[in-house]
Amino acid sequence: MELAVLSLSFVLFLALGVPVAFAIGLSCLATFAVEGLPLATAMQMMVSGMNVFSFLAIPFFIFSGELMLHGGIADKILDFARSMVGHMKGGLGLANVMASTLFGGVSGSPIADTSAMGGVMIPIMKREGYSADYAVNVTTHASLTGALMPTSHNMIIYAFAAQAAAGTIDGHVIRGVSIGDLMFAGLVPVFWIMVCMLIAAYWQAVRNGFPKRADGSSMLERFPGWKAVLTTFIAAIPGLMVIVVILGCVMGGVTTATEAAAIAVAYSLFLTAVIYRTMSKDKLIKSLKKASKTTGVILLLIGVSNMLRWQMAYLEIPDAIEAALLHATQTPWLMLLYINIIQIFLGIFLDMAAHILITTPLFLPLAMQMGVGPVQFGMMLLLNCALGLVHPPVGTVQFVGCAIGDISIGEATKTAWPYYLAIWIAINLVTYVPAFSTWLPSIITGHPVF
């Protein structure tokens, strides 16, 4: 009865268009009422879920990304990428992929990346003879790398969720995961995704003859010369250095991830206000408003998700899911395939933070039984969540890109398959080749990472 109330009420609230955070909270409160448990317990679970010191890194990372977004850093990175590959066939598409990947490392947010790069590149690409669906797909899919970059607040959320799952399996002790290991674990998959996106963007440009003038003839830019490349690279270096600052502070043992995030904010303020002098009072206020709103939404999700996690443990839902999947198969590669398929399906409907918080306790213990460590699983989860951001019918990142490109999600989806394929290949490499995500952090830290 209680399980039926929890699941059916949650689905009903989502169908009615209730925001995910409120849908989770209301369905949990309804279940508490049916069980006859005091509602004060639900509130305690919610508050304790948010009252975690490491979560201070979340608003800092978000604020740093907003400062970079509104402080003109995207323009510097775009100029560098365009000088490198803008002269090639489909040059603006290739420049878009490179710039979106690099800015994803600065902002740590696929949505912010799409807003920044899409707002600049999509109108330019359409004007220069590229189709709207091509411009949108290149932008939105390349921006997904932001979810795996060191500045991604979703890594902090996953680290907390993995810690909350500690001790859930007999014989497979989960002691949490190092945020520093996660930061380095995403770099190789990000590079792979960028290369695959470049190949897909170039292939589609050649296949469709992009860019095209109104009369159908092709047009190409000229290579500006290595001097221009060097000049734009030097201009972009200060913005890209935020990644180095964060990784250096955390892995060098100088600061914790939370303190490194605070340093990133100070660095971003100094860079945009003093070095580039692009930060105005209005832009600063806008950045503060956006960061505050996003932080509030994420913390609310964390709170209600902790309430839901407690409720699922009380109803023994993780054990039931584990038993059902183990009954279906005990072959590791097939089990991991099932987990990935379920994760992609859930990613279509759930916000990324909610997805991480809800599914980590469900699938991390099971993945560890299949020989997958928490760092490797974290990369699997983040990639699956990222794919959900561009997959209809929800696809929040794709929605932003389509709004900028003034086309429907259906139109963009028709030609998006090469980019879906690139992400799917990356998911499978992370899933079935552990070294793909664990080799780099193992080399840098000097100890085995799983």
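First, a word on what this report is: a plain description of the structure on this page. In this text the structure is predicted, and so the values were computed from the model without any measurement. Every chain is numbered on its own, with residues counted from 1 as its sequence reads. The model is predicted, so local features are restricted to residues of pLDDT at least 70 and side-chain atom pairs to those at 80 or more, both for listing and for counting; the totals for chains, interfaces and linings are taken over all residues. The basis for the side-chain values is all heavy atoms of the structure; hydrogens and waters are excluded.

Our next topic: the overall build of the protein. Helix and strand labels come from DSSP, where a helix needs a run of H or I of at least four residues and a strand needs a run of E of at least two; each type is numbered from the N terminus. When helices and strands are tallied, the protein shows 22 helices and 0 strands. Overall, the C-alpha framework of the protein stretches about 70 × 45 × 45 Å when taken along its three principal axes. Type-normalised accessible area, obtained with a 1.4 Å probe on protein chains alone, sets the label of each residue: buried when under 20%, exposed when over 50%, and partly exposed for intermediate values. Counting only residues that meet the buried cut, the protein has 56% of its 450 residues in that class. Of the roughly 18,300 Å² of accessible surface on the protein, a fraction of 68% belongs to carbon and sulfur atoms. The charge count treats Lys and Arg as positive and Asp and Glu as negative. His and the chain ends do not count. A charged residue contributes its charge at one atom only: NZ of Lys, CZ of Arg, CG of Asp or CD of Glu. Once the 20 positive and 20 negative side-chain charges of the protein are each reduced to a mean point, those two points are 16 Å apart. Method for areas: the Shrake-Rupley scheme with a 1.4 Å probe, in which residue coverage is limited to the protein chains shown.

Here we take up the packing of helix H2 (residues 20-35) against helix H14 (residues 281-314). Any two packed helices are characterised by the angle at which their axes cross and by the distance between the axes. Note on geometry: axes are C-alpha line fits, over the in-contact stretch for helices, and angles between N-to-C directions span 0 to 180 degrees. Contact pair H2 / H14: the axes reach a minimum separation of 9 Å and the direction vectors enclose 35°. With respect to the hand of their crossing, H2 and H14 are arranged in left-handed fashion. On the side of H2, the interface is formed by Val 20, Ala 21, Phe 22, Ile 24, Gly 25, Cys 28, Thr 31, Phe 32 and Glu 35, while H14 contributes Leu 300, Leu 301, Val 304, Ser 305, Met 307, Leu 308, Trp 310, Gln 311 and Tyr 314. Just so you know the grouping, Ala, Val, Leu, Ile, Met, Phe, Trp, Tyr, Cys and Pro go in nonpolar, Asp, Glu, Lys and Arg go in charged, and all remaining residues, Gly too, go in polar. Residues that form the contact of H2 with H14 fall into these classes: 13 nonpolar, 4 polar and 1 charged. The crossing is said to be left-handed when, going from far helix to near helix, the turn is anticlockwise and less than a right angle, and right-handed when the turn is clockwise. Pairs of residues are marked as contacts when any of their non-hydrogen atoms sit within 4.5 Å.

In this model, Arg 277 sits at a positive phi of 55°, which is unusual for a non-glycine residue. One can find Arg 277 in the loop between helix H13 (257-275) and H14. By relative accessible area, Arg 277 is classed as exposed at 71%. For Asp 406, which is not glycine, the phi dihedral falls at a positive 60°. Relative to the elements of secondary structure, Asp 406 occurs in the loop between helix H19 (396-405) and helix H20 (409-414). Classification of Asp 406 by relative accessible area gives exposed; the value is 67%.

The next thing to look at is the packing of helix H8 (residues 132-142) against helix H11 (residues 187-208). Closest axis-to-axis distance for the H8/H11 pair is 11 Å, and the angle between their directions is 175°. With respect to H11, the element H8 is oriented roughly antiparallel. Between H8, through Tyr 134, Val 138, His 141 and Ala 142, and H11, the contact on the second element is made entirely by Met 197, Ala 201, Gln 204 and Ala 205. Here the contact of H8 with H11 is composed, by residue class, of 6 nonpolar, 2 polar and no charged. Working rule for angles: under 35 degrees goes down as roughly parallel, over 145 as roughly antiparallel, 65 to 115 as roughly perpendicular, anything else as oblique.

What follows concerns the nonpolar core. Ranked by size, the top nonpolar core spans 150 residues in total, and within it Ile 24, Phe 103, Tyr 134, Tyr 158, Ile 356 and Phe 377 carry the most contacts. A per-element tally of this core places helix H17 (residues 352-369) first, with 12 residues. Setting aside residues up to four positions removed in sequence, Phe 103 forms contacts with Met 68, Leu 69, Ile 73, Ala 74, Ile 77, Gly 108, Ala 112, Asp 113, Ala 116 and Met 117. We call a set of buried Ala, Val, Leu, Ile, Met, Phe, Trp, Tyr and Cys residues a nonpolar core when their side-chain atoms join them within 4.5 Å.

Looking now at the packing of aromatic side chains. Aromatic contacts are taken between Phe, Tyr and Trp rings whose centres are within 6.5 Å, Trp giving its six-membered ring; a plane angle under 30 degrees counts as stacked, one over 60 as edge-to-face, and the others as tilted. Summed over all chains, the structure comprises 6 aromatic pairs. Look at Phe 80 and Phe 233: their rings are 5.2 Å apart centre to centre, the planes differ by 50°, and that puts the pair in the tilted class. A residue pair is termed long-range when its members are at least 10 positions apart, and Phe 80 in helix H5 (residues 73-85) and Phe 233 in helix H12 (residues 226-251) qualify at 153 residues. Using a relative accessible area of 33% as the deciding quantity, one classes Phe 233 as partly exposed. When the centroid spacing of 5.7 Å and the interplanar angle of 10° are considered together, the rings of Tyr 130 and Tyr 134 count as stacked.

Attention now goes to a nonpolar patch on the surface. In this scheme, patches are assembled from residues that exceed 30% relative accessible area and form no salt bridge. Like charges are connected within 9 Å, while nonpolar side chains (Val, Leu, Ile, Met, Phe, Trp, Tyr) are connected within 5 Å. Salt bridge, as used here, is a side-chain nitrogen of Lys or Arg placed within 4 Å of a carboxyl oxygen of Asp or Glu. A contiguous nonpolar patch, built from Leu 230, Phe 233, Ile 234, Ile 237, Met 241 and Val 244 and spanning about 500 Å² of accessible area, is present on the exposed surface. Of note, Met 241 is situated in helix H12.

Let us look at H11. With 22 residues, H11 should reach 32 Å at 1.5 Å per residue; the first-to-last C-alpha distance of 31 Å fits that figure. All buried positions along H11 are accounted for by Pro 189, Val 190, Ile 193, Met 194, Cys 196, Met 197, Ala 200, Ala 201, Gln 204 and Ala 205. Where the residues of H11 are buried, they touch helix H6 (91-107), H8, helix H10 (179-185), helix H18 (374-388), helix H21 (417-432) and helix H22 (435-445). Backbone geometry just downstream of H11 places Gly 209 in the positive-phi region, at approximately 70°. Here a helix's expected span is defined as the number of its residues, less one, multiplied by 1.5 Å.

A separate point is the side chain of Ser 437. In this structure, Ser 437 sits in helix H22. Assessed through its relative accessible area of 1%, Ser 437 is described here as buried. Once residues within four sequence positions are removed from consideration, Ser 437 is found in contact with Ala 185, Gln 376, Met 379 and Val 430.

Don't take any of this as a statement about function, it's just geometry.
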